[in-house]
Amino acid sequence: MSLADAARTINATAYGYISSWALLTAAEQRVFDRLPAASSDLSDTYPDADLVDTWFHTLAASGLVEHESDGDTWSLTDDMAKLLSGDNSYADYLGGQIMQQMTPRLMSGSAEQNVLAQVLADPESRRGYEGWFADADEAHAYQSSQYAGSLGPAKALAAALPDPTGRVLDLGGGWGAIARAIAKRHGIDVDVVDFATVIDSAPPADSTVTFHDGNALDPSTWPTSTDSVRYDGAVLSYLFSSIPGSEHDRLLGALADRGVRWIAVHDFMVGGGTWAAAWSLQHAVFVPGHTSRSSDEVNAMLQRHGFTPVSTGPLVDEMTTLTVGVRSSTE
Ligand SMILES: C[S@@+](CC[C@H](N)C(=O)[O-])C[C@H]1O[C@@H](n2cnc3c(N)ncnc32)[C@H](O)[C@@H]1O
């Protein structure tokens, strides 16, 4: 078995629980009875269409539902419909005994609320990273594992950049796994912007990496406005998954206004592998206004702001996509 096959074997089991959660929730909600349907057809029960699409993309990646050629309608094959819809179906068993009884007892020892079901009904209840990381202990626990997880992909991301020639801005850069890799590989300085609870506990870095307490959604908190710093490029790694979708375009526009030559967007993108939608779904349940994007959609946004996509491809196997946009004029 190769190293890549070993990683895939681990991932198939490690992340299988997300697909399972998506299926068991669909069974519990009896949503299969309503197919074929587009997410907009389900808005009486689920007001956030993007959340529904992310949920169904996760089911589709496991072969449970199909996306019709109109790009909107989700459906079941005849055999799936026999098993998953109607009264006393297999879905009733999955949504009843497995979702409501077995899973909570095995996973947490008590019957807790299903967050996906709750957020589907009430998308406004999501608190996002800022609310979550108001608790410094939560931020520390999250970042220590995120940092470990990003060290490997960081090297590949740094290698894929369009030869940085100056300072780089890493928005939502966490403990700086990616910033450190870029600084080391290209011999340049990198500024990381993230919440105070995150940067305050980051492991020490050498002088090439600087941490700034700020908000990616508020350019006035970026170092550019206070220090008149010019950046050659910007990195957004998992930031699109972590902020409302309505902010994506504005954020790229703000970076364009600050004269960056290139932008690298690394994230879970719909169609970007077996686990891409599943990981989007994990973010979608706690990030307010989360919007899943395909790499085509991200590239179209980059183009709107004058950046020509020069490379788009997988970074973490079956999970993430890195797309890089470059422009010739920064005026
Ligand atoms: C999944 S982590 C990714 C961290 C790092 N970019 C990486 O690739 O390892 C998402 C990061 O985005 C940060 N984040 C989310 N919303 C943010 C915002 N509005 N402003 C600054 N950082 C934000 C979180 O605190 C977290 O560190």
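Since the structure is predicted, the reported quantities are computational estimates derived from the model, not experimental observations.

Core analysis: the biggest nonpolar cluster contains 40 residues, and Phe32, Leu35, Trp55, Phe56, Leu59 and Val65 have the highest contact counts within it. Residue assignment for this core shows that the elements contributing at least two residues are α2 (16–29), α3 (49–61), α5 (90–107), α6 (115–121) and α13 (276–284). Broken down by element, this core gets its largest block of residues, seven residues, from α2. Each of domain 1 (3–123) and domain 2 (130–326) accounts for three or more of the residues forming this core. Residues within four places of Trp55 in sequence aside, it is in contact with Ala22, Thr25, Ala26, Gln29, Val31, Tyr46, Leu116, Leu120 and Leu281. With 25 residues, the next largest nonpolar core counts Leu236, Leu251, Val298 and Phe307 among its residues.

Turning next to empty space enclosed by the protein. In total, this model carries three cavities of 30 Å³ or more according to the counting rule given. When its volume is computed, the largest cavity comes out at roughly 70 Å³. Lining the largest cavity we find Phe240, Ser241, Val265, Asp267, Phe268, Met269, Ser280, His290, Thr291, Ser292, Arg293 and Val298. Considering only residue class, the lining of the largest cavity consists of five nonpolar, five polar and two charged.

Another aspect to go through is α5. Given a rise of 1.5 Å per residue, 18 residues ought to cover 26 Å, yet the end C-alpha atoms of α5 are separated by just 22 Å, more than 12% below that figure. The largest bend in α5 is about 40°, located at Ile98. Buried within α5 are the following residues: Ala91, Leu94, Gly95, Met99 and Pro104. Looking at the buried side of α5, the elements it contacts are α2 and α4 (78–84). Its side-chain oxygen at 3.1 Å from the backbone nitrogen of Ala91, Ser89 defines the N-terminal cap of α5.

Lining the immediate surroundings of the ligand are 22 residues, of which Ser150, Asp194, Asn215, Ala216 and Ser237 lie closest. Interatomic distance of 3.3 Å between a side-chain N/O atom of Gln146 and an oxygen atom of the ligand. Within the contact set of the ligand, a nitrogen atom lies 2.8 Å away from a side-chain nitrogen or oxygen of Asn215. Counting atoms within 2 Å of the grid points, the majority share of the ligand lands in the largest pocket. Per-element tally for the shell around the ligand: the top contributor is helix α8 (residues 136–159), with four residues. Residues that form the shell around the ligand fall into these classes: eleven nonpolar, ten polar and one charged.

Turning next to the packing of aromatic side chains. Within the structure shown, the criterion is met by 17 aromatic pairs. Here the aromatic residues Tyr15, Tyr238, Phe268, Trp275 and Trp279 are joined through ring pairs into a cluster of three or more.

Turning our eyes to something else, we now look at the packing of α2 against α3. As a packed pair, α2 and α3 sit with axes 9 Å apart at the nearest point and diverge in direction by 115°. Considering their axes alone, α2 and α3 lie roughly perpendicular with respect to each other. Like other packed secondary-structure pairs, α2 and α3 cross with a definite hand, here left-handed. Facing Ile18, Ser19, Ala22, Leu23, Thr25, Ala26 and Gln29 of α2, the residues of α3 in contact are Trp55, Thr58 and Leu59. Here the residues of the contact of α2 with α3 are counted per class, giving six nonpolar, four polar and no charged.

Further remarks concern the packing of α2 against α13. For the pair α2 and α13, interaxial distance at closest approach is 9 Å and the crossing angle is 70°. In terms of their interaxial angle, α2 and α13 are classed as roughly perpendicular. Crossing geometry of α2 relative to α13 is assigned as left-handed. Contacts between α2 and α13 involve Tyr17, Ile18, Trp21 and Ala22 from the former and Ala278, Trp279, Leu281 and Gln282 from the latter. Of the residues that constitute the contact of α2 with α13, the class distribution is seven nonpolar, one polar and no charged.

Reading the values: rules and limits
Residues numbered from 1 in each chain as written. Predicted model: local features only at pLDDT ≥ 70, side-chain atom pairs only at ≥ 80, totals over all residues. Heavy atoms only, no water. Core = buried A, V, L, I, M, F, W, Y, C linked by side-chain atoms within 4.5 Å. Buried < 20%, exposed > 50% of the residue type's maximum accessible area, 1.4 Å probe, protein only. Helix = DSSP H or I, 4+ residues; strand = E, 2+ residues; numbered from the N terminus. Domains from an automatic or database assignment. Contact = heavy atoms within 4.5 Å. 1 Å grid on protein atoms, 1.4 Å probe; cavity = no way out; pocket = protein on both sides within 12 Å on 5 of 7 lines; lining within 4 Å. Points joined across faces, edges and corners; volume = space filled by probe spheres on them. Nonpolar A, V, L, I, M, F, W, Y, C, P; charged D, E, K, R; others polar. Expected span 1.5 Å × (residues − 1). Bend = angle between axes of the 7 residues up to and from the residue. Polar contact = N/O pair within 3.5 Å; in protein donor to acceptor, adjacent residues only side chain to side chain. Near = heavy atom within 4 Å. Sits in = over half its atoms within 2 Å of the grid points. Phe/Tyr/Trp six-rings, centres within 6.5 Å; stacked < 30°, edge-to-face > 60°. Axes fitted to C-alpha atoms, helices over the stretch in contact; angles between N-to-C directions. Parallel < 35°, antiparallel > 145°, perpendicular 65-115°, else oblique. Left-handed = near helix turned anticlockwise from the far one by under 90°.

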